[in-house]
Amino acid sequence: MSVLVNKDSKIIVQGFTGSEGTFHASQMIEYGTNVVGGVTPGKGGQTHLDKPVFNTVLEAVEKAGADTSIIFVPPAFAADAIMEAADAGIKVIITITEGIPVADMIKVAEYIKHKPCRLIGPNCPGVITPEEAKVGIMPGFVFKKGKVGIVSKSGTLTYEAADQVVKQGLGITTAIGIGGDPIIGTTTKQAVELLINDPETEAVVMIGEIGGQLEADAATWYKNSGSKKPIIGFIAGETAPAGRTMGHAGAIVGGSDDTAQAKKKIMRNSGIHVVDSPAEIGKKVAEVLASL
């Protein structure tokens, strides 16, 4: 099993013929991902990377059976692209675009609330189910198939955690980069829940960062769920000064509850195995799984 994407997912690329879309789509195709085409308004009917180009997402759904979309549309138009995908019946919408205005994302969040779709991102590295589908910008060679799920706000720490897990002789079911913006489609809790409920995932790595309540909410849900599936957690940004944006727009310490120390305390109290350095993630996963 996997969550969100697998070898049967039919993926389209919105912003297909742009430089980012072209580069990452070709990497995805090379990985073996089932990319069925792309969308660039005004270029419908052409082919690009030997795949059909459609004018609209609806056309891609009707003609290619698309059910998953990855968005490389510039920030000013990305919100419209997300809503268009939701309207067309796309089930999983993965938005890579960074810098989408918060006001636009507020509209998107409201718009897709009652649509039967799941938004991942924006400002995220995407989702990968190793050896089946890479729907994102992550280096595919780092990921090997296995039993450990990853949920992360940080792109680079997703790859780092995966690399460490693989070097311990383990592997990944699905890695989900949820994105670091203040308003994202799928929260840490929701992503962790997907993996906890996946029968093939035996442990979950949860990587968070300072700012917001997402990790605390996930930890509280986990504690109340009664799940015996272990979670290994790490919070980035321990040395960040309060009130300053650190890389991600969502990573701002506002009060005493969203510091790294406070989050780690909540996570530990919820039964999560917390490490203090990202260098310890792989070792801790191996240790926890060996003790089961």
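Residues numbered from 1 in each chain as written. Predicted model: local features only at pLDDT ≥ 70, side-chain atom pairs only at ≥ 80, totals over all residues. Heavy atoms only, no water.

Taking an unreviewed UniProt entry as the reference, the protein is identified by name as Succinate--CoA ligase [ADP-forming] subunit alpha belonging to Yeosuana aromativorans. Its UniProt record gives the protein the following Sequence similarities (unreviewed entry) comment, quoted word for word: "Belongs to the succinate/malate CoA ligase alpha subunit family." Per UniProt, the protein has the following entry under Subunit (unreviewed entry): "Heterotetramer of two alpha and two beta subunits." (UniProt positions renumbered as here; feature names shortened; annotations may be inferred.)

Novice: Quick one: what's the story with the overall build of the protein, residue by residue and with numbers?
Specialist: Scanning the protein for helices and strands turns up nine helices and 14 strands. Over its C-alpha trace the protein gives a radius of gyration of 18 Å, about what one expects of a compact globule, namely 19 Å for 292 residues. Its C-alpha atoms put the protein at 55 × 40 × 30 Å along the principal axes. For the protein, buried positions account for 54% of its 292 residues. Counting contacts in the protein only where the partners sit at least 6 residues apart, residues at least 24 apart contribute 72% of the total. Carbon and sulfur atoms make up 53% of the accessible area of the protein, which amounts to about 12100 Å² in all. (Helix = DSSP H or I, 4+ residues; strand = E, 2+ residues; numbered from the N terminus. Rg over C-alpha atoms; globule rule 2.2 N^0.38 Å. Buried < 20%, exposed > 50% of the residue type's maximum accessible area, 1.4 Å probe, protein only. Contact = heavy atoms within 4.5 Å. Areas by Shrake-Rupley, 256 points an atom, 1.4 Å probe, with all protein chains shown as cover.)

Novice: If you had to explain the UniProt feature "binding site: substrate" (unreviewed entry) in the protein to someone new, which residues and values would you point to?
Specialist: UniProt's entry tags Tyr159 with the feature "binding site: substrate" (unreviewed entry), counted in the numbering of this structure. Turning to its location among the elements, tyrosine 159 is positioned in helix H5 (residues 155–167). Setting aside anything within four residues of it in sequence, one finds tyrosine 159 in contact with Pro125, Ile137, Met138, Pro139, Val142 and Phe143.

Novice: Please set out the nonpolar core residue by residue, giving values where relevant.
Specialist: Counting residues in hydrophobic clusters, the biggest one holds 42 residues, and the most contacted among them are Ile70, Ile94 and Ile176. Apart from the residues within four sequence positions on either side, isoleucine 70 is in contact with Ile11, Ile12, Val13, Gln14, Met28, Ile94, Ile96, Val135 and Gly136. In terms of nonpolar packing, the next biggest core, distinct from the first, is built from 26 residues, Val73, Met83, Ile93 and Leu119 among them. (Core = buried A, V, L, I, M, F, W, Y, C linked by side-chain atoms within 4.5 Å.)

Novice: Tell me about the sheet that holds strand S1 (residues 11–14), and name the residues and values.
Specialist: Ordered in space as S3-S4-S2-S1-S5-S6-S7, the seven strands form an open sheet in which the pairing is mixed. Each having just a single partner strand, strand S3 (47–48) and strand S7 (118–120) make up the two edges of the open sheet. Relative to strand S2 (residues 35–39), S1 is paired through four bridges, and the arrangement is parallel. The residue of S2 that forms the bridge with valine 13 is glycine 38. (Pairing = 2+ DSSP bridges.)

Novice: Could you give an account of the side chain of serine 2, naming the residues involved and the relevant values?
Specialist: By secondary structure assignment, the location of serine 2 is in the segment before S1. At 3.3 Å, the side chain of serine 2 and the backbone oxygen of valine 5 are in polar contact. When near neighbours in sequence (up to four residues on either side) are disregarded, serine 2 contacts Thr129, Thr174 and Asp198. (Polar contact = N/O pair within 3.5 Å; in protein donor to acceptor, adjacent residues only side chain to side chain.)

Novice: Break down the packing of helix H2 (residues 57–64) against helix H3 (residues 75–88) for me, with residues and values.
Specialist: H3 packs onto H2 with a crossing angle of 35° between their chain directions and a minimal axis gap of 8 Å. Judged by the sense of rotation from one axis to the other, the crossing of H2 with H3 is right-handed. In this structure, H2 contributes Val57, Leu58 and Val61 to the contact, and H3 contributes Glu84, Ala85 and Ala88. Of the residues in the contact of H2 with H3, the class split is five nonpolar, no polar and one charged. (Axes fitted to C-alpha atoms, helices over the stretch in contact; angles between N-to-C directions. Left-handed = near helix turned anticlockwise from the far one by under 90°. Nonpolar A, V, L, I, M, F, W, Y, C, P; charged D, E, K, R; others polar.)

Novice: Let's hear about the environment of aspartate 257: which residues, and what values?
Specialist: Along the chain, aspartate 257 falls in the loop between strand S13 (231–236) and helix H8 (260–269). For the pair formed by aspartate 257 and glutamine 213, sequence separation is 44 residues and the distance between their alpha carbons is 8.1 Å. Beyond its immediate stretch of four places on either side in the chain, aspartate 257 contacts Gln213, Ala262 and Lys263.

Novice: So, the pattern of salt bridges: which residues are in play, and what are the values?
Specialist: All chains considered together, the criterion is met by twelve salt bridges. With a closest N to O distance of 2.9 Å, glutamate 132 and lysine 145 form a salt bridge. Of the two residues, glutamate 132 sits in the loop between strand S8 (126–129) and strand S9 (133–136) while lysine 145 sits in strand S10 (residues 145–152), which places them 13 residues apart along the sequence. A residue is classified by how much of its surface remains accessible, and glutamate 132, at 17% relative accessible area, is buried. Residue lysine 145 is classed as partly exposed on the basis of its relative accessible area, which comes to 40%. Its salt-bridge partner being glutamate 193, residue lysine 189 comes within 2.8 Å of it at the nearest N-O pair. You can see lysine 189 and its partner glutamate 193 sitting in helix H6 (residues 188–196), four residues apart, about one turn around the helix. Accessibility expressed as a relative area gives 25% for glutamate 193, which makes it partly exposed. By sharing partners, the salt bridges in this structure join Glu238, Lys264, Arg268 and Asp276 into a single network. (Salt bridge = Lys/Arg side-chain N within 4 Å of Asp/Glu carboxyl O.)

Novice: Describe unusual backbone geometry, naming the residues involved and giving the relevant values.
Specialist: Note on backbone geometry: most residues besides glycine have negative phi, and most peptide bonds are trans. The omega angle of the peptide bond from glycine 121 to proline 122 is 10°, so this bond is cis rather than trans. Mapped onto the secondary structure, proline 122 falls in the loop between S7 and S8. Phi angles above zero are rare outside glycine, and asparagine 123 is one such case at about 55°. Summarising the element assignment, asparagine 123 is placed in the loop between S7 and S8.

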